[in-house]
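Chain residues, written in single-letter form:
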Amino acid sequence: MASEESCLEVVVFTPLPQRFSYRCALPLPLPGCRVRVPFGRGERVAIVVAAAPCPQDVAVKNVTAILDSAPLLPASLIQLLQFGSDYYHYPLGAVWAAALPTRLCQGHPVPLLEPQAWRWRADVALPTQGLGPRQRALAQRLCAGVIESSSLDSADRQRLRQFQAAGWVEPATKVTSLLHPGPQLEGEQAAAVAALRQARGFQAFLLDGVTGSGKTEVYLQAMEEHIANGRQVLFLVPEIGLVEQTRRRCAARFGAQRVAIYHSGQGDGERLRVWTQAREGEISILLGTRSALFVPLASPGLLVIDEEHDPSYKQQSGWLYSARDLALRRAQLERVPIVLGSATPALESLHNRATGRFTDLRLRQRATAHTPPRIEILPLRRKRLLTGLDPDLLQAAATQLAAGQQVLFFLNRRGYAPALLCRECGHIPHCRRCSAALTWHRRLGRLRCHHCGWESNVPEHCRQCGATEIHGIGVGTEGLEQLLRERFPDIPLLRVDRDEVHSSRQLAERLRAIQNTRPAILLGTQMLSKGHHFPDVTLVGIVDVDQGLYSADFRASERLAQTVIQVAGRAGRGDAPGRVLLQSYLPEHPLLQELQSGDYGKAAERLLQERQAAGLPPFKAIALLQAEAQQMERVQAFLQAARQHLRDLTCTGPLPALLERRAGFYRAYLWLESDSRVQLHRALASAREQIASLPAARRVRWGIDVDPQNF
Ligand code: ADP
Ligand code: ZN
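These numbers were taken from a predicted model, which means no experiment stands behind them. (Residues numbered from 1 in each chain as written. Chains lettered and ligands numbered in written order. Predicted model: local features only at pLDDT ≥ 70, side-chain atom pairs only at ≥ 80, totals over all residues. Heavy atoms only, no water.)

Participant: Hey, could you run me through the overall build of the chain in this one?
Facilitator: When helices and strands are counted, the chain shows 20 helices and 30 strands. In terms of overall dimensions, the chain is globule-like: its C-alpha atoms have a radius of gyration of 28 Å, near the 27 Å expected for 711 residues. When contacts within the chain are restricted to residue pairs at least 6 apart in sequence, those whose partners lie at least 24 apart make up 73%. Surface summary for the chain: the accessible area is close to 31800 Å², and the carbon and sulfur share equals 48%. Averaged over its 85 positive side-chain charges, the chain has a centre that lies 3 Å from the centre of its 68 negative ones. (Helix = DSSP H or I, 4+ residues; strand = E, 2+ residues; numbered from the N terminus. Rg over C-alpha atoms; globule rule 2.2 N^0.38 Å. Contact = heavy atoms within 4.5 Å. Areas by Shrake-Rupley, 256 points an atom, 1.4 Å probe, with all protein chains shown as cover. Lys, Arg positive; Asp, Glu negative; His and termini not counted. Charge placed at Lys NZ, Arg CZ, Asp CG, Glu CD.)

The structure is reproduced here in structure tokens:
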């Protein structure tokens, strides 16, 4: 008699590359189910990857328990995770761990929820024979539209169960009518919605629309049809701080019960509940940040990626995936349309549009009648600045404030001053663990490292020469706040940065306060500039852009262009026209000249040409082999040894990271490039194991970063 046992290959939720084999009684759980297995001295929850013949040469232990009767994720998402593991060269088990709610990784059961509504599957024909009259009647109703289980009597529910067992029906979301219809659209907005509604199956759209052009309105109206048909929408935003305003707009249109949010700021229990609701089709819109991309949907209809250019879509530790790029793959696997929206699309996305991978949707005008802001450059050379501000900028601010308007200052640097300097000997206190100067937080009386969090007191004497003449150099938001309070003592000032605002609720409170205060000064970092609307702001001062003009990071100029256009877009959405003043020591720089015309597209086009000439992405496929260790020699030795296994690629380095030492670790990388993405991946896949088995690999922390955003 055949043995009643076979083997399973599983992965555990850690960055171990191997699959492990266990014996299991038949019937075997399907891939995507969880099992409990003996592991080392204890037990682990693991994910079934495949059934396999039992290895003959080793003793194989038995699975302790089967935790799921059906896979946790649909086949499309299981494939997506496998793809994400292959593409980013990161172990599958750790990919699953990043994609699932924590509770599920711990082995908790999936809460039970019955689907509340059903529809006939589009790919199943209505059987011509074998159905009784009542069965036929129900089948016809299901073909015509979505039916809620609660509307059926018990006999029909029984019939529905038979259809379900036959695989003829699928869960749908409950159909609710719109709470409020949106405005009647015309012109480019109407055309964009029409194109999105016509899409069948996978198609990628780039919605390139200036700030305030009504992109969100386009998403909402494109979503209507899917939701009316019982399908779901996955809506990603780059940061937690942007979730609430988008949720409010979705809820106002579709009803608060139809929308759920999912992000890392939630508790584990709540995340699991939302995950289950989305999987069972109880909600129509799942709105969230990066990690929401992996939430299963009963009936996906459309993916929306807002602010698609935002670097926050790239995960910065562990599994270094780009949620935007994986979203495209998800849409492909689920055969649904996807729309990427931005006022400042990533150069990669513009390239994809140029080569026809993305369908072009444009919104060139603001939705309301307001004129776009005027951008002007304030040359700083040979000027006497006040705490980093040009007196002309202060004067312009004074005028606006006197007229009862709001003024916004943008400075992407926290603290009182970015460094302390001894006037006697030139000594600058540095972090002991990072290659970076310590930021002076004057109100706290601390020096703080912005890279590792290390802190110390502010010294009264220079630690090098003992002199007492110690001064801050440069300016951060705290320093700017002090200056502006002295200058404008009667004007309310709201500062928004990570030192002042610690949660998305606090951010929402501040933003609400800002809406109702006039005149007012708003001051902040990226946190303030991303995606929020300030209709009463009539003047924007961008304090420092020059770093972005000569950085060693090849993406810096793209980021600078995006930041300037995005910050500028915050101004003048209300009745008063906006003005943007940009301080720079390099006023003739071609990028600034282009930005002055407000034309991101033109600037982006030239930046793309520069990338092409320099052989940089998106014209080359690149990856980094990164390593860090407490001794630089170990990093060097590892990267040199690894180089030998990467001969199929153009390989540069070892190069020091931009921040050469962080939290006590020296950091360097090999820059790997190829004309062909396929070749890059083939070479990395074949070298990966050899690199992992290098003796030098055990003395460093190392990893592969594909399509890197930071260096
Ligand atoms: P974006 O997402 O491109 O920044 P929004 O969708 O937020 O733009 O639209 C900006 C403002 O214009 C919002 O207050 C929105 O309600 C309004 N709006 C958008 N489309 C229209 C329209 N067709 N008619 C009237 N107002 C609109
Ligand atoms: Zn540090």
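Back to the text.
Participant: Looking at this structure, I do not really get helix α18 (residues 600-614). What am I missing?
Facilitator: Residues lying three or four places apart along an α-helix face the same way, a consequence of the helix completing one turn every 3.6 residues. The first and last C-alpha atoms of α18 sit 21 Å apart over 15 residues, in line with the 21 Å expected at 1.5 Å per residue. Within the sequence span of α18, burial applies to Tyr 600, Ala 603, Ala 604, Arg 606, Leu 607, Leu 608 and Arg 611. Summarising the contacts, the buried residues of α18 are in contact with α11 (347-354), α16 (556-568) and α17 (590-596). The distance from a side-chain oxygen at the start of α18 to the backbone nitrogen of Gly 601 is 3.1 Å, and the residue carrying that oxygen is Asp 599. Among the residues trailing α18, Gly 615 stands out with phi positive, at a value near 65°. (Expected span 1.5 Å × (residues − 1). Buried < 20%, exposed > 50% of the residue type's maximum accessible area, 1.4 Å probe, protein only. Polar contact = N/O pair within 3.5 Å; in protein donor to acceptor, adjacent residues only side chain to side chain.)

Participant: Got a minute to help me understand the site of ligand 1 in this structure?
Facilitator: In the vicinity of ligand 1 there are 14 residues, among which Gln 189, Gly 214, Lys 215, Thr 216 and Arg 249 approach most closely. Between Gln 189 and ligand 1, the recorded distance is 2.9 Å, taken from a side-chain N or O atom to a nitrogen atom. Between an oxygen atom of ligand 1 and a main-chain N or O atom of Gly 214, the distance comes to 3.0 Å. In isolation ligand 1 offers 560 Å² of accessible surface; the protein chains occlude 72% of this area. By residue number, the principal contributor to the shell around ligand 1 is helix α7 (residues 215-228), which donates three residues. Taken together, the residues that form the shell around ligand 1 break down as four nonpolar, six polar and four charged. (Near = heavy atom within 4 Å. Nonpolar A, V, L, I, M, F, W, Y, C, P; charged D, E, K, R; others polar.)

Participant: How should the sheet that holds strand β20 (residues 446-448) be read in this particular structure?
Facilitator: By definition, the strands of a sheet pair up through backbone hydrogen bonds, in either a parallel or an antiparallel sense. Across the sheet, which stays open at both edges, the three strands sit in the order β19-β20-β21 with antiparallel pairing between neighbours. Every other strand in the sheet has two partners, leaving β19 (439-441) and β21 (455-457) as the edge strands with one partner each. Within this sheet the neighbouring strands show an average axis-to-axis angle of 30°, counted without direction. In the sheet, β19 pairs with β20 via three bridges, with the strands oriented antiparallel. Among the inter-strand pairings, His 441 is bridged to a residue of β20, identified as Arg 446. (Pairing = 2+ DSSP bridges. Axes fitted to C-alpha atoms, helices over the stretch in contact; angles between N-to-C directions.)

Participant: Explanation requested: the packing of aromatic side chains in the structure shown.
Facilitator: Each aromatic ring pair is described using two quantities: the centre-to-centre distance and the angle formed by the ring planes. Overall, the coordinates contain 16 aromatic pairs when judged by the stated rule. One aromatic cluster is present, formed by Phe 554, Tyr 669, Trp 671 and Phe 711 through successive ring pairs. Across from the ring centre of Phe 83, 3.9 Å away, lies the NZ or CZ of Arg 329, which sits over that ring. (Phe/Tyr/Trp six-rings, centres within 6.5 Å; stacked < 30°, edge-to-face > 60°. Lys NZ or Arg CZ within 6 Å of the ring centre and 35° of its normal.)

Participant: Hey, could you run me through the pattern of salt bridges in this one?
Facilitator: Any two side chains of opposite charge can pair if their charged atoms end up close together. Per the stated rule, a full pass over the model turns up 47 salt bridges. The salt bridge involving Arg 362 is made with Asp 360; its shortest N-O contact spans 2.8 Å. The exposure class of Arg 362 is partly exposed, given its relative accessible area of 27%. (Salt bridge = Lys/Arg side-chain N within 4 Å of Asp/Glu carboxyl O.)

Participant: Hey, could you run me through unusual backbone geometry in this one?
Facilitator: Of all residues except glycine, most have a negative phi; of all peptide bonds, most are trans. In the segment running from Pro 617 into Pro 618, the intervening peptide bond is cis, with an omega of 5°. Mapped onto the elements of the fold, Pro 618 is located in the loop between α18 and β27 (621-629). Residue Pro 654 is bonded to the preceding Gly 653 through a cis peptide linkage, with omega at 5°. Looking at the element boundaries, Pro 654 is found in strand β28 (residues 650-662). Residue His 89 is not a glycine yet carries a positive backbone phi of 50°. When you line up the elements, His 89 lands in the loop between α1 (75-87) and α2 (92-99). At Glu 307, a residue that is not glycine, the phi angle is positive and equals roughly 50°. When you line up the elements, Glu 307 lands in the loop between β13 (300-305) and α10 (323-334). A relative accessible area of 13% means that Glu 307 is categorised as buried.

Participant: In this structure, what is going on with the pairing of strand β9 (residues 203-209)? I would like to understand it.
Facilitator: Regular strands place their side chains on alternate faces of the sheet. For β9, a buried count of six out of seven residues is recorded, marking the element as mostly surrounded by other parts of the structure. In this structure, β9 lies alongside strand β14 (residues 337-342), joined through six bridges in parallel fashion. Residue pairing in the sheet places Ala 204 in a bridge with Ile 338 of β14.

Participant: How should the nonpolar core be read in this particular structure?
Facilitator: Core analysis: the largest hydrophobic core is formed by 118 residues, its most contacted members being Leu 100, Trp 275, Leu 286, Leu 625 and Phe 638. Within the second largest apolar cluster, 29 residues are counted, among which are Phe 205, Leu 207, Phe 235 and Leu 242. (Core = buried A, V, L, I, M, F, W, Y, C linked by side-chain atoms within 4.5 Å.)

Participant: I would appreciate a short explanation of the packing of α16 against α18 in the present structure.
Facilitator: Relative placement of two packed helices is described by the angle separating their axes and the distance separating the axes. The interhelical angle for the contact between α16 and α18, taken along N-to-C directions, is 175°, at an axis separation of 10 Å. One way to sum up the angle between α16 and α18 is to call them roughly antiparallel. Contacts between α16 and α18 involve Ser 557, Glu 558, Ala 561, Gln 562 and Ile 565 on the former and, on the latter, Tyr 600, Leu 607 and Arg 611. When grouped by side-chain class, the residues that make up the contact of α16 with α18 number four nonpolar, two polar and two charged. (Parallel < 35°, antiparallel > 145°, perpendicular 65-115°, else oblique.)

Participant: Help me understand the pairing of strand β3 (residues 34-39), please; the structure alone is not making it clear to me.
Facilitator: With respect to burial, β3 is a largely interior element, five of its six residues being buried. The sheet contact formed by β3 and strand β4 (residues 42-52) spans six bridges and is antiparallel. Bridge pairing in β4 links Val 37 to Arg 44. In this structure, the hairpin formed by β3 and β4 is closed by a connection of two residues, where Gly 40 is found at a positive phi of approximately 55°. Of the pairings in the sheet, the one linking β3 to strand β5 (residues 65-66) comprises two bridges and is antiparallel in character. Within the sheet, the bridge partner assigned to Arg 36 lies in β5 and is Ala 65.

Participant: What's the story with the side chain of Glu 478 in this structure? I'm lost.
Facilitator: Within the secondary structure layout, Glu 478 lies in helix α13 (residues 477-487). Arg 443 provides the closest opposite charge to the buried, unpaired Glu 478, separated from it by 4.5 Å. Excluding its chain neighbours within four sequence positions, the residues that come into contact with Glu 478 are Gly 415, Tyr 416, His 441, Arg 442, Arg 443 and Arg 495.

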